[in-house]
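Chain by chain, the residues run as shown.
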Amino acid sequence: MTGSIKDYLMLHFIVLIWGVTAILGLLISLPSIELVFYRTLIASIGVAFLFLFKKESLLIAPKDMLKVTATGLIISVHWILFFWSARVSTASVCLAGMATTSLWTAFVEPIFNKTKIKWYEVGLGLMVISGLLVIFSFESGYWLGLFMALGSALLAATFSVINGRLTQQHSPYQITFYEMAGACLFSALFMPFYSFFLSEDGLKMNWEGNDWFWLFILGGVCTVYAFSVSVELMKRLSVFSINLTINLEPVYGIILAVLVFGESEKMTPQFYLGTSIILVSVLSYPVLNYFNRRRRSKRMSGIN
């Protein structure tokens, strides 16, 4: 599965947009679960209006609707952990932890698609882990945020692989609508449990200051647009190559976080060394994938 240069450039633009999400999560005063509820509510309504404007049908078979909506539950937990991680640590730590998505994908994708694990994908994923070890050997005060981000990354790998299969059957916007609706439903159902057991102050549903503006940027640009385009790209790019490129999200996000929040986001030199290792793993993938395809084609030619 190969894509054009335009596809890869669009993918990097989407990853840049996603690099903003952790920053928006800190700019918005709402806690993580309330934030995910409003984000997915705005996104699902936005996609519904888009279909209404185009005069197209959102309906899919009930069996497929259940599958796509259930995937939304995974996405909801992924985002809750993502924003929670940024709150208990920093945006930079959260984004760095999310870079393990490619490692998880190297194991999750073969399980779902019943294919062999590729040695270089695992190797590149381990490079990401080594980068994280460099970071957190010097930034040991953020382990809770790191573990939340790691859990979020595992869930991101899982729903990305599922979406890679769903795109063969449904349009990106249909998938986005039902997944956002499912994520919104789950976060709403989880709120009573969260309010009673996990939150000291109960639910906080009221918007403050510029929350409304940042929420609509988060729900519209970072979710409806970016999420739908990423699902569309899965038709032409492999899930692993997409998730490995998403490892650039911490690089983009960390730079933006330092620009927005200043001193509170500046980390040790070792932190930036670790993110550089992650960046090398991203840039290495297209080269290794190219040589692997050449090796396979030569082997197939020899057989024929």
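This write-up is about the structure you can find in this document. (Residues numbered from 1 in each chain as written. Predicted model: local features only at pLDDT ≥ 70, side-chain atom pairs only at ≥ 80, totals over all residues. Heavy atoms only, no water.)

## A short note on the overall build of the protein
What counts, and what does not: Each helix is a run of DSSP H or I of at least 4 residues and each strand a run of E of at least 2, with the numbering of both proceeding from the N terminus. This radius of gyration counts C-alpha atoms alone. The globule rule is 2.2 Å times how many residues there are, raised to the power 0.38. Any two residues whose heavy atoms approach within 4.5 Å at even a single point are treated as in contact. Computed with the Shrake-Rupley method and a 1.4 Å probe, the accessible areas treat only the protein chains shown as cover for residues. A positive count includes Lys and Arg, and a negative count includes Asp and Glu. His and the chain ends are not counted in either. By convention, the charge on Lys lies at NZ, on Arg at CZ, on Asp at CG and on Glu at CD.
A tally of helices and strands in the protein yields 13 helices and zero strands. Taken from N to C terminus, the helices and strands of the protein fall in the order α-α-α-α-α-α-α-α-α-α-α-α-α. Taking 2.2 N^0.38 as the reference for a compact globule, 304 residues should give roughly 19 Å; the C-alpha atoms of the protein span a radius of gyration of 19 Å, in line with that estimate. With the C-alpha coordinates aligned to their principal axes, the bounding extent of the protein is approximately 65 × 50 × 35 Å. Relative to all contacts within the protein whose residues are 6 or more apart in sequence, the contacts with residues 24 or more apart total 87%. Total accessible area on the protein stands at roughly 14300 Å², and carbon and sulfur atoms take up 69% of it. Separation of charge centres in the protein, based on 21 positive and 16 negative side chains, amounts to 18 Å.

## Focus: the pattern of salt bridges
We count it as follows: A pairing counts as a salt bridge when a side-chain nitrogen of Lys or Arg comes within 4 Å of a carboxyl oxygen of Asp or Glu. In this scheme, a residue with accessible area under 20% of its type's maximum is buried, one over 50% is exposed, and one in between is partly exposed, where area comes from a 1.4 Å probe on protein chains only.
Across all of its chains, the model carries three salt bridges by this definition. Of the charged contacts in the structure, one is a salt bridge between Arg-236 and Glu-232, with a shortest N-O distance of 3.1 Å. When its relative accessible area of 25% is taken as the criterion, Glu-232 is described as partly exposed. What you see here is one network of salt bridges that share partners, running through Asp-7, Glu-232 and Arg-236.

## Things to note about the packing of aromatic side chains
The cut-off we apply is this: We call Phe, Tyr and Trp rings a pair once their centres come within 6.5 Å, taking the six-membered ring for Trp, and we label the pair stacked below 30 degrees between planes, edge-to-face above 60, and tilted otherwise. Any Lys NZ or Arg CZ that is within 6 Å of a ring centre and within 35 degrees of that ring's normal is treated as a charge sitting over the ring.
If you walk through the whole model with that rule in mind, you get 11 aromatic pairs. Centroid distance Phe-177 to Tyr-178: 5.0 Å. Interplanar angle 80 degrees. Geometry classified as edge-to-face. The pair formed by Phe-177 and Tyr-178 is uniform in burial state, with each residue classed as buried. Every member of this aromatic cluster is reached through a ring pair, and the members are Phe-37, Tyr-38, Trp-207 and Phe-216. Above the plane of the ring of Trp-79 lies Arg-39, whose end atom (NZ or CZ) is 3.7 Å from the centre.

## Focus: the nonpolar core
The criterion, for reference: Among buried residues, those of type Ala, Val, Leu, Ile, Met, Phe, Trp, Tyr and Cys that are joined through side-chain atoms within 4.5 Å constitute a nonpolar core.
Counting residues in each nonpolar core, the largest one holds 60 residues, and the members touching the most others are Leu-35, Phe-82, Phe-83, Leu-215 and Leu-218. The contact partners of Phe-83, leaving out residues within four places of it in the chain, are Thr-21, Gly-25, Ser-32, Leu-35, Val-36, Arg-39 and Leu-218. Membership of the second largest hydrophobic core comes to 10 residues, among which are Ala-96, Ile-135, Phe-271 and Ile-278.

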